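Here is what each chain is made of, one letter per residue.
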Amino acid sequence: MKNNYVPMSTQPLLSATGLCKTFGGVKAVQHAGIEVATGSITGLIGPNGAGKTTFFNLLSNFIRPDSGRIQLNGRDIHTMQPHQIARLGMVRTFQVAKALSRMSVLENMLLGAKNPAGEKIWEVLLKPKLVQSQQRELKDKAMSILTSVGLSAKANDYAGGLSGGQRKLLEIGRALMADPQLILLDEPAAGVNPRLIEDICGHILNWRKHGLTFLIIEHNMDVIMTLCDRVWVLAEGTNLVDGTPNTVQNDSRVIEAYLGID
Ligand SMILES: Nc1ncnc2c1ncn2[C@@H]1O[C@H](COP(=O)(O)OP(=O)(O)OP(=O)(O)O)[C@@H](O)[C@H]1O
Ligand SMILES: [Mg+2]
């Protein structure tokens, strides 16, 4: 008889197998998979157009896979809506930070909260005190996250006035408002000045120390080498190699894929 027992300690927090997505004639992702261990910082790298962002969109169900399976904590999530997946503990950020520029930094943060009180009119009418106190708590939480990323002084400024790096931090901060277990970051260092990249890396390492797990797409190899425990490489929509950052960086198949040598 087949033993299907998987010990808890080895069950990945997130796993995906056989993911496929075709856009018209373009096979953006072909039978790709990944495993993200609990408490890890896992990297996803690959040349431009390799399918990394599409892969993230599939993992978070912003687009539906043509086929494949995704599990979070052993639970199938590929049939769920993004907000249901967020409620189960997985949130993502976008390659182009999606801060709403005509809203304040604090208001952007509050958008990331899970089930904010006062969303339903009957709550406001019937339980105004409860709504007020929950909103105060959320504001305090948002301010403490903003303080931790050095953005508290900007809380009442328009998000549109932030630099590229500050927008990335705001996006990660907003993701933290949902109390996630796992955060998917799409190029957190892109367009960010080197000083702020160091800050972002420091914050990520610190959040991991506090129990968060990360899956990070990044072209900046210094960031990958500094942060990641394990790296997965995608090329032409499919898995090429995975391993420690060092092994992957020195793998001739990876070097060839980046140089575009056939
Ligand atoms: N919505 C879409 N419609 C059509 N083609 C798409 C769509 N999204 C992605 N593609 C194509 O799928 C392929 C993979 O794109 P994707 O953005 O996932 O790559 P990437 O690895 O994130 O690249 P980069 O490193 O430049 O961000 C590309 O050929 C791209 O043009
Ligand atoms: Mg991309």
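Up top you'll find the structure we're talking about.
Residues numbered from 1 in each chain as written. Chains lettered and ligands numbered in written order. Predicted model: local features only at pLDDT ≥ 70, side-chain atom pairs only at ≥ 80, totals over all residues. Heavy atoms only, no water.

Participant: Got a minute to help me understand the pattern of salt bridges in this structure?
Facilitator: Here the idea is simple: oppositely charged side chains can pair when their charged atoms come close. For the structure on display, the rule yields 8 salt bridges. Salt-bridge contacts for Lys 141 lead to Asp 179; the nearest nitrogen and oxygen are separated by 3.0 Å. Remark: Asp 179 occurs in the loop between helix 6 (164-176) and strand 7 (182-186) and Lys 141 occurs in helix 5 (residues 128-148); sequence separation between them is 38 residues. For the salt bridge of Arg 253 with Asp 251, the shortest nitrogen-to-oxygen distance reads 2.8 Å. (Salt bridge = Lys/Arg side-chain N within 4 Å of Asp/Glu carboxyl O. Helix = DSSP H or I, 4+ residues; strand = E, 2+ residues; numbered from the N terminus.)

Participant: Sorry if this is basic, but what is going on with the pairing of strand 10 (residues 238-243) here?
Facilitator: Along any regular strand the residues' side chains alternate between the sheet's two faces. Judged from the 5 bridges that link them, strand 9 (residues 230-235) and strand 10 form a sheet pairing that is antiparallel. Among the inter-strand pairings, Trp 232 is bridged to a residue of strand 10, identified as Asp 242. Here strand 9 folds back onto strand 10 in antiparallel fashion, the turn holding 2 residues, of which Glu 236 has a positive phi close to 50 degrees. (Pairing = 2+ DSSP bridges.)

Participant: Would you mind going over the site of ligand 1 with me for this structure?
Facilitator: Neighbouring ligand 1 are 14 residues, the closest being Gly 49, Lys 52, Thr 54, Gln 95 and His 219. One of the side-chain nitrogen or oxygen atoms of Asn 48 is found 2.9 Å away from an oxygen atom of ligand 1. One of the backbone N or O atoms of Gly 49 is found 2.9 Å from an oxygen atom in ligand 1. Protein contacts shield 61% of the accessible area of ligand 1, which totals 640 Å² for the unbound molecule. If you list the elements that add at least two residues to the shell around ligand 1, you get strand 2 (26-36) and helix 1 (52-59). A per-element tally of the shell around ligand 1 places helix 1 first, with 3 residues. The residue makeup of the shell around ligand 1, split by class, is 5 nonpolar, 7 polar and 2 charged. (Near = heavy atom within 4 Å. Polar contact = N/O pair within 3.5 Å; in protein donor to acceptor, adjacent residues only side chain to side chain. Areas by Shrake-Rupley, 256 points an atom, 1.4 Å probe, with all protein chains shown as cover. Nonpolar A, V, L, I, M, F, W, Y, C, P; charged D, E, K, R; others polar.)

Participant: In this structure, what is going on with the sheet that holds strand 2? I would like to understand it.
Facilitator: Strands in a sheet are paired, the pairing made by backbone hydrogen bonds, and the direction either parallel or antiparallel. Taking strand neighbours across the sheet as the criterion, the 4 strands line up as 2-1-4-5 in an open arrangement whose pairing is antiparallel. The strands lining the two open edges of the sheet, one partner per strand, are strand 2 and strand 5 (75-76). The pairing of strand 4 (residues 67-72) with strand 5 spans 2 bridges and is antiparallel. Its bridge partner being in strand 5, Leu 72 is matched across the sheet by Arg 75. Packing against the sheet, helix 1 makes contact with strand 1 (14-23), strand 2 and strand 4, and its axis sits at approximately 115 degrees to strand 1. (Contact = heavy atoms within 4.5 Å. Axes fitted to C-alpha atoms, helices over the stretch in contact; angles between N-to-C directions.)

Participant: Which parts of the structure should I look at to understand the sheet that holds strand 6 (residues 90-92)?
Facilitator: Overall, mixed pairing links the 6 strands, which are arranged 6-7-8-3-9-10 in an open sheet. Strands at the two margins of the open sheet, each flanked by one partner only, are strand 6 and strand 10. For this sheet, the mean inter-axis angle between neighbouring strands, taken without regard to orientation, is 20 degrees. Note that strand 6 and strand 7 share 3 bridges and pair parallel. Opposite Val 91, over in strand 7, you have Ile 183 as the bridge partner. Along the sheet, helix 10 (residues 252-259) makes contact with strand 3 (41-45), strand 9 and strand 10, crossing strand 10 at roughly 135 degrees.

Participant: I would appreciate a short explanation of the packing of aromatic side chains in the present structure.
Facilitator: The geometry of an aromatic ring pair is captured by two quantities: the separation of the ring centres and the angle between the planes. Applying the stated rule across the entire model yields 1 aromatic pair. Between the aromatic rings of Phe 62 and Phe 94, the centroid separation amounts to 5.4 Å while the plane-to-plane angle is 90 degrees, which identifies the pairing as edge-to-face. Here Phe 62 is found in the loop between helix 1 and strand 4, whereas its partner Phe 94 is found in the loop between strand 6 and helix 3 (105-110), with 32 residues between them in sequence. We note Arg 92 situated over the ring of Phe 94; from NZ or CZ to the ring centre the distance is 4.0 Å. Lying across the ring of Tyr 158, Arg 102 places its NZ or CZ 4.6 Å from the centre. (Phe/Tyr/Trp six-rings, centres within 6.5 Å; stacked < 30°, edge-to-face > 60°. Lys NZ or Arg CZ within 6 Å of the ring centre and 35° of its normal.)

Participant: I keep staring at the environment of Ala 190 and nothing clicks. Help me out?
Facilitator: Mapped onto the elements of the fold, Ala 190 is located in the loop between strand 7 and helix 7 (194-209). Distance from Ala 190 to Gln 95, taken between C-alpha atoms, is 8.1 Å for residues 95 residues apart in sequence. If near-sequence neighbours (up to four positions away) are discounted, Ala 190 is found in contact with Lys 168 and Glu 218.

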